[in-house]
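What follows is the residue order along each chain.
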Amino acid sequence: MTTLNPSVLEGPVPPQTAGEADRAAGPAWERPAFWALLTVTAVAFFWNLGASGFANEFYAAAAQAGGENWKAAFFGASDAGNSITVDKPPVALWPMDVSVRLFGLGSWQILAPEALMGVATVGVLYAAVRRLYGPAAGLLAGALLALTPVAALMFRFNNPDALLTLLMVCALYCFQRALEGHRAVRWMVLTGVCFGLGFLVKTLQAWLILPALTLVYLVCAALPLTKRIGHVLLAGAAIVVSSGWWVALVELWPADSRPYVGGSTNNSFLDLTLGYNGLGRITGDEGNKGGGGASSSGSISGTASSSIPGTASSSIPGGSGGGGVGQGGEAGGITRMFDSALGSQISWLLPAALILLVAALVITRKAARTDLHRAGFLAWGGALVCTAVIFSFMSGTFHEYYTIALAPYIAALVAMGAVLLRRLRGRAAAAALAVTVAATAVWAFVLLGRAEGWSSQLRWPVLVVGVLAAAGMLLARLLPLPRRLALGATGLALAAVLAGPASYTWATVTTAHTGQTPLAGPAAVSDAQGHGGPTGGTGGTQNGQQGGTGAASTPSGQGAQAGTTKGGNSKLGSIDAVAPQLRAMLVKDAEAYTWVAATVASDNQTWLQLATGEPVMPIGGFGGSDPAPTLAQFKRYVADGKIHYFVTQGDQEGGFARDGADTTGSQISSWVTTTFTAQTVGSTTVYDLTAATS
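All of these numbers come straight from a predicted model, not from anything done at the bench.

Student: What exactly am I supposed to notice about the nonpolar core here?
Tutor: Across soluble globular proteins, you tend to see nonpolar side chains buried next to one another. Ranked by size, the top nonpolar core spans 170 residues in total, and within it Ile110, Leu125, Leu179, Tyr217, Trp380 and Ile410 carry the most contacts. Counting residues per element, this core draws most heavily on helix α6 (residues 107-146), at 19 residues. Those residues in contact with Leu125, other than ones at most four positions away along the chain, are Ala141, Gly142, Leu145, Val169, Trp380, Pro408, Ala411 and Ala412. Of all hydrophobic cores here, the second largest spans 17 residues; its members include Ile643, Phe646, Trp671 and Leu689.

Structure representation (structure tokens):
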């Protein structure tokens, strides 16, 4: 049996070995409560899901391509013609690819897999925490995760972060099982597989917590040191195999018969991983600035939409589908996770998690080396600290929604720490729990005050109820108060702690989100961070399914107009913006061409492709500055009759220059405009590449 040395906080934790809770039948209420948790989570994550249209149209277009073409799915190509990939590995696209292939293209087909990942993440987190501290802790952890605003956002959005979060929680569950010692080799190998698959979702971000878990296993596993080292090496081998097979295939595949690796400078996935999408994110030296990058003048990569009065969400420069100038709040530093941009996304319970982590480590400081309770806190706490520190100080592209990575770690630590302190009977434990509740209420008061005009009525009740509940919980330990009063104080504490994040989560799930950089919470927060702006209408239908949303939003102070794109150029912005005449032109004789059209960068390519269901080439990738295709390659495609039209919108130019250099996009644009005759279709300029002027 595992026991804890209480040390400063008196009173032993009931002797229960981690894992016994999992094998035990559990109380009668546990199973209904668990299914209720999953049901409520599913309702929240699926609520009005179609209102977001295609959400991130960059990944939606790639899913459309993958649903049509297996090669595009394997490489993660932006189009079924396999000209260039998105700037991430393809695994996050595969669930959407399968969904589109099975059920057709539409909003629900794109977003439902993400919502299912959210429900699964809540379930796995429950199972992991339950093994250490029982069903109450597991249920609380799952509920806290579901009520985290940024989690509610990203489990309803088609960026890679949803799948990465699920894999990291699965990795920690497997890691805990390995620490228990039973079939440790199998569980460590499975841990490695989770990290390997995570790499194929979002490259090196999946490995941020590896140092912490490696150290915890080497110190805490109940095995001889040689076996511990061997297990770590086996896990490392599993990581290499489960991630390296795809990387090896891409690197060994003849470059002229696969898509160009989007975001790389030399058509190499290793360059993408070690440059812009890897170490460059930490150092700020991102090479091509995010698969094409955003100009410092500000780009509008997405749209805003609101489904309830007074709420909105929008995108800002440098989307996840390519990055660009880093957003994610103020300058990097130790307080970054609490600043005006990130605080309302993730930090509601971050002070509580840190306080409870310190308290738990104090409680268990004299426990045996192999104590599983302490190892659990070290694993989840190490994951939180490693990720938060790197996020806080990284100099490269950073967006608010990245912080979903912290959500399960915070939820687990708060749930485990609260149950641990509740089980202890000493005054110090009661004081620590009261301080946690009071500090959380005070911080919620601060966060709610940042969104003036929205739920301001919550601020003072949360503060007052939280402080009173903390005092009541402390008095219940010091004085012989009736049990029902103690339970009442606990209930009030939960209400005060959860009211703030729950209100932001409600605003999130009842609001449509589109573009590359969505933001959780009410419109007041979005406006305060410069994410506000005009909102557009829903983006029409495709095969009977709702499309994306309308006009782009404008970051404050940048002077861009709705409907503009990178560098101030005009963009389509929605399926409805694709004129019916243009759709008819593109789909006519589409089977005769590899690409029905080509256009510079992804802004217009995504909407043309989603509107027609036919391959459209994004010259230069996301931002238009990747050297693919070259002018010579493009001329050869045209000569071979593979591209029908070249489409521009307004004064669209040739993408962003890398370090001031001319781009292939601008070279191709210049060649097309001097070689072919322009015709205007709606607001677009179209060149028929099968009819040269000379």
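Student: I keep staring at helix α3 (residues 57-68) and nothing clicks. Help me out?
Tutor: Within an α-helix, residues lying three or four positions from one another point in the same direction, as the helix has 3.6 residues per turn. When the terminal C-alpha atoms of α3 are compared, their 16 Å separation across twelve residues agrees well with the 16 Å that a helix rising 1.5 Å per residue should span. For α3, the tally of buried residues reaches eleven of twelve residues, placing the bulk of the element in the interior. Buried within α3 we find Glu57, Phe58, Tyr59, Ala60, Ala61, Ala62, Ala63, Gln64, Ala65, Gly66 and Gly67. Where α3 is buried, its residues touch α4 (70-75), α5 (94-103), α6 and α23 (602-612).

Student: Explain unusual backbone geometry to me, please; I cannot follow it from the model alone.
Tutor: Keep in mind that most residues, glycine aside, have a negative phi and that most peptide bonds are trans. A cis amide bond links Ala628 to the next residue, Pro629, at an omega of -10°. If you trace the backbone, Pro629 turns up in the loop between β4 (616-619) and α24 (631-639). The backbone of Asn267 shows a phi angle near 65°, a positive value even though the residue is not glycine. With respect to the helices and strands, the residue Asn267 is situated in the loop between α11 (225-252) and α12 (269-274). The phi angle at Asp589 is positive, at roughly 55°, despite the residue not being glycine. With respect to the secondary-structure elements, Asp589 resides in the loop between α22 (580-587) and β3 (595-600).

Student: Would you mind showing me how to read helix α20 (residues 483-509) here?
Tutor: Compared with an ideal rise of 1.5 Å per residue, which puts 27 residues at 39 Å, α20 spans 37 Å between its outermost C-alpha atoms and is within 8% of the ideal. At Ala499, α20 shows its maximal bend, which comes to roughly 40°, and the proline Pro501 appears one to four places after that position.

Student: Would you mind going over the pairing of β3 with me for this structure?
Tutor: In regular strands, side chains alternate between the two faces of the sheet. Most of β3 sits inside the fold, with six of its six residues counted as buried. Across three bridges, β3 lies against strand β5 (residues 643-649) in parallel orientation. Across the sheet, residue Trp595 finds its bridge partner in β5, namely Ile643. By the bridge criterion, four bridges tie β3 to β4 in an arrangement that is parallel. The residue of β4 that forms the bridge with Ala597 is Val616. Considered for its hand, the β-α-β crossover made up of β3, α23 and β4 is right-handed.

Basis of the calculations
- Residues numbered from 1 in each chain as written.
- Predicted model: local features only at pLDDT ≥ 70, side-chain atom pairs only at ≥ 80, totals over all residues.
- Heavy atoms only, no water.
- Core = buried A, V, L, I, M, F, W, Y, C linked by side-chain atoms within 4.5 Å.
- Buried < 20%, exposed > 50% of the residue type's maximum accessible area, 1.4 Å probe, protein only.
- Helix = DSSP H or I, 4+ residues; strand = E, 2+ residues; numbered from the N terminus.
- Contact = heavy atoms within 4.5 Å.
- Expected span 1.5 Å × (residues − 1).
- Bend = angle between axes of the 7 residues up to and from the residue.
- Pairing = 2+ DSSP bridges.
- Right-handed = clockwise from strand over helix to strand, strands pointing away.

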